[in-house]
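So you can see what is in the structure, the chains are spelled out below.
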Amino acid sequence: MGAAGKAGRPVAEQAVRAGHEVSALLHRDSDCNVPGVAVRVGDARAAETAEAAVTGQDAVLDTVGGKTPFKHTTLETSVATTIVAAMQRHGIRRLVVTSMIGEGDSTANTPVYIKILLATFLRGATPDKAGMESAVSGSELDWVITRPPILTEKPATGDVRVFSTDSRDQAHSITRADLAAFLVAQLTSDDHLREAVTVANR
């Protein structure tokens, strides 16, 4: 889910390279032209569409995000709620989603300037992320929630740090490529199962 976005496309690409069979649910079939990705067209908020999309899958990666984060929306919450229900009906366990720093206890790792962004430019996305996280964490699925800070277009570093809230260390940024690698790794790793983790390069 979200394979046409700036965060989602690298996930699709890396999942293919990792040897996974990848399907993408998109609004338009022209939105994602990643070689090796099977495309299904539809609205992920629609129950019938979600049912058809998850049937036969082993796991779901959700990187859906709104394009106008300063406007109120329920897009991510709606998608997560629908997908969780479809997965539970079909016995699909693994769900990996992307949220953002500042949610839940990740405030302990949030720099002041990002807190300002959350209260201003990202003010519309914040409650939607919270609703999405609630839909995911309240499920009985094997979920992983990732909370990245600012995403950059820099080359992958191969060095992704999971931040402890106890340390209160500040998480500043992560490349989209490194975030994608971390997300794909969660498909087969139980290290952060049923955890919401802050991940960053620095």
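Residues numbered from 1 in each chain as written. Predicted model: local features only at pLDDT ≥ 70, side-chain atom pairs only at ≥ 80, totals over all residues. Heavy atoms only, no water.

1. Focus on the overall build of the protein chain
Scanning the protein chain from terminus to terminus reveals 6 helices and 9 strands. What you see for the protein chain is a C-alpha radius of gyration of 16 Å, in line with the 17 Å of a compact globule of 202 residues. Seen through its C-alpha atoms, the protein chain measures out along the principal axes to roughly 40 × 35 × 30 Å. Here the analysis covers contacts within the protein chain between residues at least 6 apart in sequence; of these, 70% occur between residues at least 24 apart. In the form shown here, the protein chain has an accessible surface area of approximately 9800 Å², with 51% of it arising from carbon and sulfur atoms. Charge centroids of the protein chain, computed over 21 positive and 24 negative side chains, lie 7 Å from each other. (Helix = DSSP H or I, 4+ residues; strand = E, 2+ residues; numbered from the N terminus. Rg over C-alpha atoms; globule rule 2.2 N^0.38 Å. Contact = heavy atoms within 4.5 Å. Areas by Shrake-Rupley, 256 points an atom, 1.4 Å probe, with all protein chains shown as cover. Lys, Arg positive; Asp, Glu negative; His and termini not counted. Charge placed at Lys NZ, Arg CZ, Asp CG, Glu CD.)

2. Quick word on unusual backbone geometry
At arginine 168, a position not held by glycine, the phi torsion is positive, near 60 degrees. Among the secondary structure elements, arginine 168 is positioned in the loop between strand 7 (161-163) and strand 8 (173-175). The phi dihedral of arginine 194 falls on the positive side, at around 60 degrees, and the residue is not glycine. With respect to the element layout, arginine 194 can be found in the loop between helix 6 (176-185) and strand 9 (195-200).

3. What to know about helix 3 (residues 75-90)
Its 16 residues give helix 3 an end-to-end C-alpha distance of 23 Å, which sits within 8% of 22 Å, the value for a rise of 1.5 Å per residue. Looking only at helix 3, the buried set comprises Glu76, Val79, Ala80, Thr82, Ile83, Val84, Ala86 and Met87. For helix 3, the secondary structure elements touched by its buried residues are helix 2 (47-54), strand 3 (59-62), strand 4 (94-98) and helix 5 (125-137). Glycine 91 sits one or two positions beyond helix 3 and adopts a positive phi of about 70 degrees. (Expected span 1.5 Å × (residues − 1). Buried < 20%, exposed > 50% of the residue type's maximum accessible area, 1.4 Å probe, protein only.)

4. Some words on the sheet that holds strand 9
Reading across from one edge, 3-4-5-9-7 is the order of the 5 strands in this open sheet, with mixed pairing throughout. Here the strands that pair on one side only, and so sit at the sheet edges, are strand 3 and strand 7. On average, each strand axis in the sheet is inclined to that of its neighbour by 25 degrees, with strand direction left out of account. In this sheet, strand 9 lies alongside strand 7 in antiparallel orientation, the contact comprising 3 bridges. When the bridges of strand 9 are listed, valine 162 appears paired with valine 199. Sitting on the sheet, helix 6 touches strand 3, strand 4, strand 5 (142-147), strand 7 and strand 9, and the angle it makes with strand 4 is about 160 degrees. (Pairing = 2+ DSSP bridges. Axes fitted to C-alpha atoms, helices over the stretch in contact; angles between N-to-C directions.)

5. Some remarks on the side chain of threonine 146
With respect to the helices, strands and loops of the structure, threonine 146 is situated in strand 5. Excluding anything up to four places from it in sequence, threonine 146 contacts Val97, Thr98, Ser99, Met100, Leu179, Phe182, Leu183, Val197 and Val199.

6. Structural notes on the packing of helix 3 against helix 5
Where helix 3 meets helix 5, the closest approach of the two axes is 7 Å, and the angle between their N-to-C directions is 10 degrees. Considered as vectors, helix 3 and helix 5 are oriented roughly parallel to each other. Of helix 5, the residues touching helix 3 (which contributes Leu75, Glu76, Thr77, Ala80, Thr81 and Val84) are Asp128, Lys129, Gly131, Met132, Ala135 and Val136. Partitioning the contact of helix 3 with helix 5 into residue classes produces 6 nonpolar, 3 polar and 3 charged. (Parallel < 35°, antiparallel > 145°, perpendicular 65-115°, else oblique. Nonpolar A, V, L, I, M, F, W, Y, C, P; charged D, E, K, R; others polar.)

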